[in-house]
Amino acid sequence: MKMYEKAPAKINLMLDVLSKRPDGFHEVEMIMTMVDLADRLELSELKRDSIIISSQAGYIPLDEKNLAFQAARLIKDRYNVKSGVHIHLDKRIPVAAGLAGGSSDAAATLRGLNRLWRLGIPAQELQELGAELGSDVPFCVTGGTALATGRGERLTPIPSPPQCWVVLAKPPINVSTAEVYGRVRANSIAVHPSASRMQAAIEAGDFAAVCAGLGNVLEDVTLKLHPEVQQLKEAMVKLGADGVLMSGSGPTVFGLVSKQSKVARIYNGLRGFCKEVYAVRSLS
């Protein structure tokens, strides 16, 4: 038996860091949504008790370092499943990009194995399992659009933002999320983006207000470490994107675009800066 799962990328419409927690994580406030750039997973049941990961991408780990592997092992151990699984990852989301590709793969693995092995695990329980794997995994389990608090695992679903095009561009660098968060000083952040303002703009269906409310306090850290991310942002603004922001800890920059007529110009212009450019739709 085989199961297929889609693992979409996420972007942060706003990301604020409120404080450093005693457990080493940061207290955050984020509004996240998903876009139509996705990895695809094929999950095949094995009679032998093993987990096998394969992929056409030659640049990702295929062992216990892979979050999909960790998700499979977690669900096997927690629910005493003796069957094995072969997971093939068709990678489309750039890695180490601030788009939660690995987290979305882990979430898709939890969903897929829940169906493959007929475990009947409720969505809330899958989210709790996901929180053991990473802060973005609970959101990726259910997708949609949500306000995330705590370290990112406490989710409040909200309506989808107005439909638009999303142009994503990842410069040829990798950014360490741990390093970026390690350099954040919450008490010295001068300007905090507003979750309530962004949520109100989304609920009103006001695309211009969504663009005006974009904000990510991690930009200050990543842009100092990698000036090319700032150059990419400036290029995207000059090319005509309606709203521009770095997603997560970076280095991917996204532009929200209301008119399809602008998309090709922005896409082609950004290809002069980096090879990894994608023009996709937001997911409702």
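Residues numbered from 1 in each chain as written. Predicted model: local features only at pLDDT ≥ 70, side-chain atom pairs only at ≥ 80, totals over all residues. Heavy atoms only, no water.

**Details of the packing of aromatic side chains**
Under the criterion given, the structure shown has zero aromatic pairs. In this arrangement the basic side chain of Arg151 is found over the ring face of Phe25, its NZ or CZ atom lying 4.7 Å from the centre. Positioned above the aromatic ring of Trp165, the side-chain terminus of Arg281 is 5.0 Å from the ring centre. (Phe/Tyr/Trp six-rings, centres within 6.5 Å; stacked < 30°, edge-to-face > 60°. Lys NZ or Arg CZ within 6 Å of the ring centre and 35° of its normal.)

**Digging into unusual backbone geometry**
For the peptide bond that leads from Gly250 to Pro251, omega is 5 degrees, which places it in the cis range. Along the polypeptide, Pro251 turns up in the loop between strand 9 (243-246) and strand 10 (253-257). For Asn80, which is not glycine, the phi dihedral falls at a positive 55 degrees. For Asn80, the location among the structural elements is in the loop between helix 1 (67-78) and strand 4 (84-90). Located in the positive-phi region is Ala100, a residue other than glycine, with phi close to 60 degrees. Topologically, Ala100 is positioned in the loop between strand 4 and helix 2 (101-116). (Helix = DSSP H or I, 4+ residues; strand = E, 2+ residues; numbered from the N terminus.)

**Description of the pairing of strand 5 (residues 145-149)**
Of all five residues that make up strand 5, four are buried, and the element is covered over most of its length. Here strand 2 (residues 26-46) pairs with strand 5 via four bridges, running antiparallel. Bridging across to strand 5, Ile31 finds its partner in Leu147. In the sheet, strand 5 pairs with strand 6 (residues 154-157) via four bridges, with the strands oriented antiparallel. Within strand 6, the residue paired with Thr149 across the bridge is Arg154. (Buried < 20%, exposed > 50% of the residue type's maximum accessible area, 1.4 Å probe, protein only. Pairing = 2+ DSSP bridges.)

**Concerning the packing of helix 1 against helix 2**
It is the contact of helix 1 with helix 2, at a shortest axis distance of 8 Å, that shows an interaxial angle of 35 degrees. Like other packed secondary-structure pairs, helix 1 and helix 2 cross with a definite hand, here right-handed. Only Gly102, Ser103, Asp105, Ala106, Thr109, Leu110, Leu113 and Asn114 of helix 2 make contact with helix 1, whose side of the interface consists of Leu67, Ala68, Ala71, Ala72 and Ile75. Looking at side-chain class alone, the contact of helix 1 with helix 2 contains eight nonpolar, four polar and one charged residues. (Axes fitted to C-alpha atoms, helices over the stretch in contact; angles between N-to-C directions. Left-handed = near helix turned anticlockwise from the far one by under 90°. Contact = heavy atoms within 4.5 Å. Nonpolar A, V, L, I, M, F, W, Y, C, P; charged D, E, K, R; others polar.)

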